[in-house]
Each structure stands twice: as structure tokens, then as C-alpha cells.
Amino acid sequence: MASGGEQKVVLITGCSSGIGLRIAVLLARDEQKRYHVIATMRDLRKKHQLVEAAGDTYGKTLTLLSLDVCSDDSVRKCIDSVKDRHIDILINNAGVGLLGPVESISMDEMKRVFETNFFGTVRMIKEVMPDMKRRQSGHIIVMSSVMGLQGVVFNDVYTASKFAIEGFCESMAVQLLKFNVKLSLIEPGPVHTEFETKMMEEVAKMEYPGADADTVRYFKDVYIQSSIDIFEALGQTPEDIAKCTKKVIESSRPRFRNLTNSLYTPIVAMKYADETGGLSVHTFYNLLFNFGSLMHITMSILKCLTCSCLRRRTISPD
Ligand SMILES: NC(=O)C1=CN([C@@H]2O[C@H](COP(=O)(O)OP(=O)(O)OC[C@H]3O[C@@H](n4cnc5c(N)ncnc54)[C@H](OP(=O)(O)O)[C@@H]3O)[C@@H](O)[C@H]2O)C=CC1
Ligand SMILES: CC1=C(/C=C/C(C)=C/C=C/C(C)=C/C=O)C(C)(C)CCC1
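Within an unreviewed UniProt entry, the label attached to the chain reads Retinol dehydrogenase 8-like, and the organism entered is Cyprinus carpio. Under the heading Sequence similarities (unreviewed entry), UniProt records this for the chain: "Belongs to the short-chain dehydrogenases/reductases (SDR) family."

**Q** Tell me about the site of ligand 1, and please be specific about residues and values.
**A** Contacts to ligand 1 come from 31 residues, most closely from Ser16, Arg42, Tyr158, Thr193 and Lys198. Between ligand 1 and Asn93, the relevant distance is 2.8 Å, taken from an oxygen atom to a main-chain nitrogen or oxygen of the residue. Within the side chain of Lys162, an N or O atom sits 3.0 Å from an oxygen atom of ligand 1. Burial of ligand 1 by the protein amounts to 97% of the accessible area it has alone, namely 890 Å². Looking at the shell around ligand 1, the elements with two or more residues in it are α1 (18–28), α5 (156–178) and α6 (194–205). Among the elements that take part in the shell around ligand 1, α6 stands out by supplying three residues, more than any other. Partitioned by chemical class, the residues of the shell around ligand 1 number 14 nonpolar, 11 polar and six charged.

**Q** Could you give an account of the sheet that holds strand β7 (residues 257–259), naming the residues involved and the relevant values?
**A** What the seven strands build is an open sheet, ordered β3-β2-β1-β4-β5-β6-β7; its pairing is parallel. A strand with exactly one partner marks an edge of an open sheet, and here the two such strands are β3 (62–66) and β7. Strand-to-strand twist in this sheet, taken as the mean axis angle between neighbours without regard to direction, amounts to 20°. Across the sheet, α5 lies against β5 (139–143), β6 (182–187) and β7, angled at about 155° from β6, the strand it touches most.

Conventions used here
- Residues numbered from 1 in each chain as written.
- Chains lettered and ligands numbered in written order.
- Predicted model: local features only at pLDDT ≥ 70, side-chain atom pairs only at ≥ 80, totals over all residues.
- Heavy atoms only, no water.
- UniProt positions renumbered as here; feature names shortened; annotations may be inferred.
- Near = heavy atom within 4 Å.
- Polar contact = N/O pair within 3.5 Å; in protein donor to acceptor, adjacent residues only side chain to side chain.
- Areas by Shrake-Rupley, 256 points an atom, 1.4 Å probe, with all protein chains shown as cover.
- Helix = DSSP H or I, 4+ residues; strand = E, 2+ residues; numbered from the N terminus.
- Nonpolar A, V, L, I, M, F, W, Y, C, P; charged D, E, K, R; others polar.
- Pairing = 2+ DSSP bridges.
- Axes fitted to C-alpha atoms, helices over the stretch in contact; angles between N-to-C directions.
- Contact = heavy atoms within 4.5 Å.

Structure follows, in C-alpha cells:
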């Protein structure tokens, strides 16, 4: 038990892999044992990776519960099973990606993304926030994305789901401040997790019916190739994001927005440098369609351009 205070109860969604798993393990392994981690996942048959990574913290500072963010029943049952429903820190991490030409994506697939990324997070906050407000304490963390701030071609629906959650949180944060409840967004750029692998597997097997041949070619031959370069040049590890999240939790005055990748900051900065939106739209167009083959070099230049001023605006894992 932590000396000089109670352990904080941290509930995390989507811990079967990737960022959620790494946050759960990092907090459970805290040397001062300041956290009791409730790691949740929708399918407990996928617990092995987490259990292995948790090592001897499993059953001590880390416990496992089943939770599907898309189900009212599952969320209610899970929170009711927590002692006194007391959660100090809620980490909304569960999320799914969706990539490809909009013409070939069914409305049901699009709704599934919003059900998980937007309504799933809202459902969790709705369930946990009233107790936090009553206690006048708590911290809600939301795993957003750089795509919550800026659109990326062929990620139209995923981007929209993250924009939606950014808008929701930006509104919510003001009210919560009145009740001494903190709300922070974490905004990673590309991160090497199953998120990336799952999407690449999808792309390999999909035919993209409904989209014309040129669009499919731009998507597969131009976007996907550039995206691979960008992941290679700028990709962070899930451990990096876990460290950034821990820093935000442990900060005495946590920021509302937390970009994690200083190499991606110049890309986001374009949005704020030109409020008409022209700069980002035309730069992205040029990067993709005019200098596509130079993406490697472009990414290197981007690294050089990342001045210390921009670095200071991100939360670094170290
Ligand atoms: N990887 C990246 O480049 C980036 C990711 N993010 C965000 O980070 C978060 C975590 O993604 P990441 O770790 O990369 O990807 P992973 O695919 O590795 O992890 C996603 C997790 O969400 C879970 N999940 C999906 N649907 C539900 C649901 N209905 N209920 C509960 N859990 C669910 C998955 O569980 P299951 O195994 O059952 O599918 C899995 O545990 C997401 O919100 C994503 O949008 C943000 C920026 C960049
Ligand atoms: C292709 C391309 C881009 C791609 C960015 C990517 C691939 C970002 C991935 C972010 C992820 C995976 C976020 C998850 O939430 C840029 C840089 C906008 C520039 C224009 C061309």
C-alpha cells in the first residue's frame, strides 16, 4: 500500500492489447504501489497477454473485469461490482479504427466505430461521473488521437468519431471543473499496436466494392504506402503512450490536451497557423499526390523542423 495515502482506483477500458494493456501494467507496477488497477476487456478469453505482462502484480495491484463499452448492461454490471462504485481515475482507452474509401464502407460499419469510440466513451463517463461529482474528486482520461484534431485522408469516419469525442470533452471539462473533477485528452500520433496490424490486414483482404478504380488506387498505392512510411518515421510504442498517460495522471495541474508526439506537432500546427484550413488541406494534398515518392525525405525534413518550441508543447514519455 502507498505510504501516506490510500491507493487510487484506476479503471481502464480495452486492456486486451496495445495502449490499454501497457497503461494497466505500468500503473500496476508502480514502485510506491499508489494504484489499484482494474483492467477491463470485453472478452476475458483474451486475458493472457495482459496476465503475462502483469506478472506478480496480477491479483495484487491489478485485477481483471469484463467490460464491453458498447453495452449498457456490461458497463453497469462492471461498475456495480467495484467496491462502493469508487473509481478515482477512469481511463477511456477502448477504440477501433476504420480505413478506406467511404463509398465502400457500410453504414453499419461506420455506426460500429461511433458506437465504440464515441458512445462507448460517453457511456463510461455517464456511469462514473455522477459519483466523482458527488465526491468532488476524480480524473477522467480519454484516449483521443491527433485525428481528433485534424482530418487524415481515407480515415474520414474514424477521424469524425475522435472529433466527436473531443467536442464532447471540451464541453464537459468546463462543468466538471466546477465539481473539482479533472478531464484530460491524450492525443497520440501513430503508435505501433494491433490497431495498425488489424487495419493493414483488413486492407489486404478488402476489395472496396462501390469505389471507382482511381480511388482504390489512390488509397492502396498512394495513401497506404505513405502511411507505412509515416508509421516507420514517427511511430511511438504503446509504452511511450503509457508513460505520457502516467505523467498526466500524476501532474498536479494536468493539461486538458496532451499531444504525445513532438514529431507530429508541426503537422497539427498547420491547422492553427491558418484558420481557413487551406494550409493543411493543400499541404496534405501535395505531400500525398505530388511528393508521394519523396515521403521518406519529407518525413526526415519534418524531424529537422521540429524545433524545441514545438517539443515543449507535447508531453514527452521521458
Ligand atoms: N495505434 C494508434 O496508432 C493510435 C491509437 N489511438 C487510440 O488508442 C486506443 C487504443 O488503441 P490501440 O492500443 O492502438 O489498439 P488495439 O487494437 O491494440 O487496442 C484496442 C483495444 O480496444 C478494445 N475494444 C474494442 N472494442 C471494444 C469494446 N466494445 N469494449 C471494450 N473494449 C473494446 C480492444 O479489445 P478486443 O481485443 O476485444 O478487440 C482492444 O483491447 C484507441 O482508442 C485508439 O483509437 C490513438 C492514436 C493512435
Ligand atoms: C498519409 C499522410 C499523412 C498521414 C498520417 C497518418 C497515417 C497518421 C496516423 C495517425 C494515427 C494512426 C492515429 C490514430 O489514432 C499526413 C501526415 C497527415 C500527411 C499527409 C499524408
